[in-house]
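Results of the structural survey
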Amino acid sequence: DQQVKQNSPSLSVQEGRISILNCDYTNSMFDYFLWYKKYPAEGPTFLISISSIKDKNEDGRFTVFLNKSAKHLSLHIVPSQPGDSAVYFCAARTSGGSNYKLTFGKGTLLTVNP
Amino acid sequence: GAGVSQTPSNKVTEKGKYVELRCDPISGHTALYWYRQSLGQGPEFLIYFQGTGAADDSGLPNDRFFAVRPEGSVSTLKIQRTERGDSAVYLCASSRSGQGLNNVLTFGAGSRLTVL
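Residues numbered from 1 in each chain as written. Chains lettered and ligands numbered in written order. Predicted model: local features only at pLDDT ≥ 70, side-chain atom pairs only at ≥ 80, totals over all residues. Heavy atoms only, no water.

1. Description of the nonpolar core
Residues and elements named next belong to chain A. Among the nonpolar cores identified, the biggest contains 23 residues, and Phe33, Trp35, Leu73, Leu75 and Tyr88 are the most heavily contacted of them. If one sorts the elements of this core by residue count, strand β9 (residues 86-93) sits on top with 4 residues. Beyond its immediate stretch of four places on either side in the chain, Tyr88 contacts Gln6, Leu21, Trp35, Tyr36, Lys37, Leu47, Leu75, Ile77, Gly107, Thr108 and Leu110. (Core = buried A, V, L, I, M, F, W, Y, C linked by side-chain atoms within 4.5 Å. Buried < 20%, exposed > 50% of the residue type's maximum accessible area, 1.4 Å probe, protein only. Helix = DSSP H or I, 4+ residues; strand = E, 2+ residues; numbered from the N terminus. Contact = heavy atoms within 4.5 Å.)

As C-alpha cells, this is what we get:
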C-alpha cells in the first residue's frame, strides 16, 4: 500500500520554464513533508521541507505547496536549469513516536532540456 | 568525515552467500538509518539506530537481515543466505539527533547489491 504517491514517473521541461512535481499522500497522520533530489550514483540529498501548519515554503528557486485537505503537495522549480535534472523524491513523516521514519514516493525523473 | 560513507559501492554475490555492508556516518551524528531502494521504487525504511541500540527494526524484511552499531558510530548491515530478491541499493543515512522537525537525514551514495 503506497502511502506516498508520485504518479508521474518522468517530466521533461525546457530550461527557464517552471517545473512542477506532484505528490499525494494517504496517511492523515503525516504532518511533515520533504523533497529529496537524487543524481545517478549518489545518495538522495535534502532539498526543501514543509510542516503541515504551513501551506507554502520557499527557498530560492524552489517552492513547496501543501494542500492538506486534498492530501497533496507540489514542488515548483522556477526557473528550471539543466543542473536540476535528477530524480525527485517526495517523503513524509509523522510527529508522533515514529517521527524519525520517512516514507518515500517512487520518485519523478525530471529532465531539463537546454 | 564530511559525509556518509558506504562500502562497498557495488557487491555481486551468489544466491545463498553471506554479505556485509558497511556505513560510516557523519561524525557526531547519533542517529543512523538503513533504507533499501529496489528498482523503480523509492527508499524503504529498514532500521533506525539511536546510539548503539536499534530503536526500530520494524522494516527489516525477515530474520536473514541484521544490523549492528556496536560503538555508536559505524554500522554494518548483514544479510544471510542471500536471495535474488535482495538485489537493491542499500542506503545508509545519519542525522544529528533523530528527533524534531529539523531532523534532516544525510544519505550516503549507497551499496548496490546484486544477487545472482
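2. Thoughts on unusual backbone geometry
For residues that are not glycine, phi is negative in most cases, and the peptide bond is trans in most cases. The omega torsion across Val78 of chain A and Pro79 of chain A is -10°, close enough to zero to call that bond cis. Looking at where Pro79 of chain A falls in the secondary structure, it is placed in the loop between β8 (72-77) and β9. Put simply, Thr7 of chain B and Pro8 of chain B share a cis peptide bond, and its omega is -10°. Within the secondary structure, Pro8 of chain B is located in the loop between β1 (5-7) and β2 (10-13). One non-glycine residue with positive phi stands out, namely Lys71 of chain A, at about 50°. Within the element layout of this structure, Lys71 of chain A appears in the loop between β7 (62-67) and β8. Although it is not a glycine, Arg81 of chain B adopts a positive phi angle of roughly 45°. Following the sequence through the fold, Arg81 of chain B ends up in the loop between β8 (75-79) and β9 (88-95).

3. Points about the packing of aromatic side chains
Summed over the entire model, instances satisfying the criterion amount to 13 aromatic pairs over all chains. Ring centres 5.8 Å apart and planes at 80° place the aromatic pair Tyr35 of chain B and Phe45 of chain B in the edge-to-face group. Within this pair, whereas Tyr35 of chain B is found in strand β4 (residues 31-37), its partner Phe45 of chain B is found in strand β5 (residues 44-50), the two being separated by 10 residues in sequence. Residue classification places Tyr35 of chain B among the buried positions, given a relative accessible area of 0%. Among the residues examined, Phe45 of chain B registers a relative accessible area of 10% and is labelled buried. Taken together, Tyr36, Phe46, Phe89, Tyr100 and Phe104 of chain A together with Tyr33, Tyr35, Phe45, Tyr48 and Phe107 of chain B form an aromatic cluster joined through their ring pairs. (Phe/Tyr/Trp six-rings, centres within 6.5 Å; stacked < 30°, edge-to-face > 60°.)

4. Digging into the interface of chain A and chain B
Taken together, the contact between chain A and chain B spans 17 residues of the former and 23 residues of the latter. Between chain A and chain B, a total of about 1,700 Å² is buried, with carbon and sulfur atoms accounting for 55% of that surface. The interface formed by chain A and chain B contains 1 salt bridge. Across the pair Asp56 of chain B and Lys101 of chain A runs a salt bridge, and its minimum N-O distance is 3.6 Å. At the boundary of chain A with chain B, the tally comes to 5 residue pairs in polar contact (both at pLDDT 80 or more). (Buried area = accessible area lost by both parts, 1.4 Å probe. Salt bridge = Lys/Arg side-chain N within 4 Å of Asp/Glu carboxyl O. Polar contact = N/O pair within 3.5 Å; in protein donor to acceptor, adjacent residues only side chain to side chain.)

5. Quick notes on the pairing of β8 of chain B
All names here are of chain B. β8 sits mainly inside the fold: 4 of its 5 residues count as buried. Two strands pair when backbone bridges link them, and strand β3 (residues 19-24) and β8 are joined in this way by 5 bridges, in the antiparallel orientation. By the bridge assignment, Leu21 is partnered in β8 with Leu77. Sheet analysis places strand β7 (residues 65-68) next to β8, joined by 4 bridges and oriented antiparallel. Considered in β8, the bridge of Val68 is made with Thr76. Where β7 folds back onto β8 in an antiparallel hairpin, the turn is made up of 6 residues, including Gly72, whose phi is positive at roughly 75°. (Pairing = 2+ DSSP bridges.)

No statement about biological role is implied by the geometric values presented.
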